[in-house]
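One letter stands for each residue in the lines below.
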Amino acid sequence: MKDEKNPAQELKEKLFAQPKHAALRMSDEEIASAFEWCEGYKSFLDENRTEREITAFSQKLAESRGFEKFDSSKKYSAGDKVWFNVKEKAIILAVFGTRPLSDGVKIAAAHIDSPRLDVKPNPLYEDCEIALLKTHYYGGIKKYQWPTVPLSLHGVIVKADGEKLTVSIGDRDGEPQFVITDLLPHLDSTMGERKASQVIKGEELNILVGSLPFRSDEGSDLVKLNIMKLLNEKYGITESDFLSAELELVPAARVSDIGFDRSLIGGYGHDDRVCAYPALMAALDCPTPSYTTVTVLTDKEEIGSVGATGMQARYFENAMAELIALTTPAYSELTLRRALRACRMLSCDVSAGFDPLYASAFEKKNAALMGHGVCYNKFTGSRGKSGSNDANAEYMAQLRATLEKHEVAFQTA
């Protein structure tokens, strides 16, 4: 007899959502291609640890792919590609489309800053013949995770005469690394009584940078003096130059594959470079579009998108104003506002994948599942949707239709 499905089973297949791991929908060739593409992402993580490094990398790569610095004296046409550099810590890439900008643009935005330790303006001190740097943690870190982890130092030092020095120490073979010390297990009984949020306090996140004294003299602060001697020999700086420096400490570990099947990537900065890298690659590969495309790689999201390089600043609107001024007969504030109103945007950031070890932190039916495709959050916020940006149903329907048309694996959370 011919196998027949019972009516309930047929209705379930017709009416119920059918979540499925993306790998079960892909061919062997597609899976191999995905793994190959991720090799570029792994290199991106390894080679770019800070927002400055990502901005410089993105600009250089964009220029190699036909982008040029925006020039308000030029006229642009469909297919032209420009970049705006925002104080070396954020970048905008635009590809002009065939439709006027007053019809709106298609925007993808992701942040390129990550939680880290920032070096304070007067950081270097010596205590009991150990030299340390004082830091201020940046973003939402779990402070207890940072002691004993090898760290690398990145950033810039700008001297009073304007000379800018790039610093990158601890990522390459043979370079020294840095560390925050921790107590031995049999000495930390008092520390063990602290609450988890206070096991390591922010004031204890100081970096060990040396322990050898300057040997040609006697007196105090000889270890600090030896460190400054080494820095002066390498960079030509004095202690006062820390005042005009931006130095960041990040985990030094190289990116690695995770699991026997190598299905996951372990590395610093997934939040939010896992979105920034695809957004960058999409911008570089974009053919002449109908609507102008704008890719924003922004700074300061981890601390509220504040400051001159965060999205609460006006640089995105300023860039839009510049683009409109070159493509409309008569620029006006109203033209800009109408264009912004017509825009469509994806604000790209990470979602937490369901972890069975911490199931109570999730609402399973509405949590993202590993491997089930790109995740879209219709709304965010906490408690009564406090601080939420809630996408309307019409926009979600447009996204859904596009993704389903092109057979893209996706989910919501």
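Residues numbered from 1 in each chain as written. Predicted model: local features only at pLDDT ≥ 70, side-chain atom pairs only at ≥ 80, totals over all residues. Heavy atoms only, no water.

Draft legend 1. Fine view of a nonpolar patch on the surface. Judged by side-chain polarity, Leu11, Leu15 and Phe16 come together as a nonpolar surface patch covering roughly 340 Å² of accessible area. The exposure class assigned to Leu11 is partly exposed, which follows from its relative accessible area of 48%. (Patch = residues over 30% accessible without salt bridge, like charges linked within 9 Å, V, L, I, M, F, W, Y side chains within 5 Å. Areas by Shrake-Rupley, 256 points an atom, 1.4 Å probe, with all protein chains shown as cover. Salt bridge = Lys/Arg side-chain N within 4 Å of Asp/Glu carboxyl O. Buried < 20%, exposed > 50% of the residue type's maximum accessible area, 1.4 Å probe, protein only.)

Draft legend 2. Focus on the environment of Gly236. Considering the arrangement of structural elements, one finds Gly236 in the loop between helix H5 (222–235) and strand S10 (245–251). For the pair Gly236 and Ala339, spaced 103 residues apart in the sequence, the C-alpha separation amounts to 49 Å. When residues no more than four places from it in sequence are discounted, the contact partners of Gly236 are Lys159 and Leu231. (Helix = DSSP H or I, 4+ residues; strand = E, 2+ residues; numbered from the N terminus. Contact = heavy atoms within 4.5 Å.)

Draft legend 3. Layout of helix H3 (residues 51–64). When the terminal C-alpha atoms of H3 are compared, their 20 Å separation across 14 residues agrees well with the 20 Å that a helix rising 1.5 Å per residue should span. What H3 keeps buried is the set Glu51, Arg52, Glu53, Ile54, Thr55, Ser58, Gln59 and Ala62. Gly66 lies just past H3 and shows a positive phi near 100°. (Expected span 1.5 Å × (residues − 1).)

Draft legend 4. Up close: the packing of helix H7 (residues 315–327) against helix H8 (residues 333–341). Taken N-terminus to C-terminus, the directions of H7 and H8 make an angle of 110°; their axes are 10 Å apart at the nearest point. Considered as vectors, H7 and H8 are oriented roughly perpendicular to each other. Relative to H8, H7 is oriented so that their crossing is right-handed. Contacts from Phe316, Glu317, Met320, Ala321 and Ile324 of H7 reach H8 at Thr335, Leu336, Arg337, Ala339 and Leu340. Looking at the contact of H7 with H8 residue by residue, the class counts come to 7 nonpolar, 1 polar and 2 charged. (Axes fitted to C-alpha atoms, helices over the stretch in contact; angles between N-to-C directions. Parallel < 35°, antiparallel > 145°, perpendicular 65-115°, else oblique. Left-handed = near helix turned anticlockwise from the far one by under 90°. Nonpolar A, V, L, I, M, F, W, Y, C, P; charged D, E, K, R; others polar.)

Draft legend 5. Representation of the sheet that holds strand S5 (residues 116–127) in the model. Reading across the sheet, the 6 strands line up as S8-S7-S10-S5-S6-S9 and stay open at both edges, with antiparallel pairing between neighbours. Since the sheet does not close on itself, it has two edges, and those belong to strand S8 (164–169) and strand S9 (207–210), each with one partner. The average angle at which neighbouring strand axes cross in this sheet is 30°, direction not considered. One ladder, built from 6 bridges, connects strand S7 (residues 151–158) with S8; its direction is antiparallel. Bridging from a neighbouring strand, His154 pairs with Ser168 of S8. Taken strand by strand, H5 contacts S5, strand S6 (130–138), S8 and S9, and its axis lies near 125° from that of S5. (Pairing = 2+ DSSP bridges.)

Draft legend 6. View of the pattern of salt bridges. Going through the model one piece at a time under the given rule, you end up with 25 salt bridges. With its nearest N and O atoms 3.4 Å apart, the salt bridge here joins Glu163 to Lys159. Classification of Lys159 as buried rests on a relative accessible area of 18%.

Draft legend 7. Up close: the side chain of Arg116. Within the fold, Arg116 resides in strand S5. Not counting residues up to four positions away in its chain, the partners in contact with Arg116 are Glu51, Tyr137, Tyr138, Ile141, Trp146, Glu248, Leu249, Val250 and Tyr268.

Draft legend 8. Region of the structure containing the nonpolar core. Counting 28 residues, the largest nonpolar core has Leu117, Leu124, Leu151, Phe178, Ile207 and Leu249 as its most contacted members. Every element with two or more residues in this core is listed here: S5, S6, S7, S8, S9, H5 and S10. Examining the composition of this core, we find that 4 residues originate from one element, H5, more than from any other. Leu151 has contacts with Leu117, Trp146, Gln177, Phe178, Ile180, Ile207, Leu249, Val250, Pro251 and Ala252, leaving out every residue within four places of it along the chain. One finds Ala90, Tyr315, Leu323 and Leu336 within the second-largest nonpolar core, a separate group that totals 26 residues. (Core = buried A, V, L, I, M, F, W, Y, C linked by side-chain atoms within 4.5 Å.)

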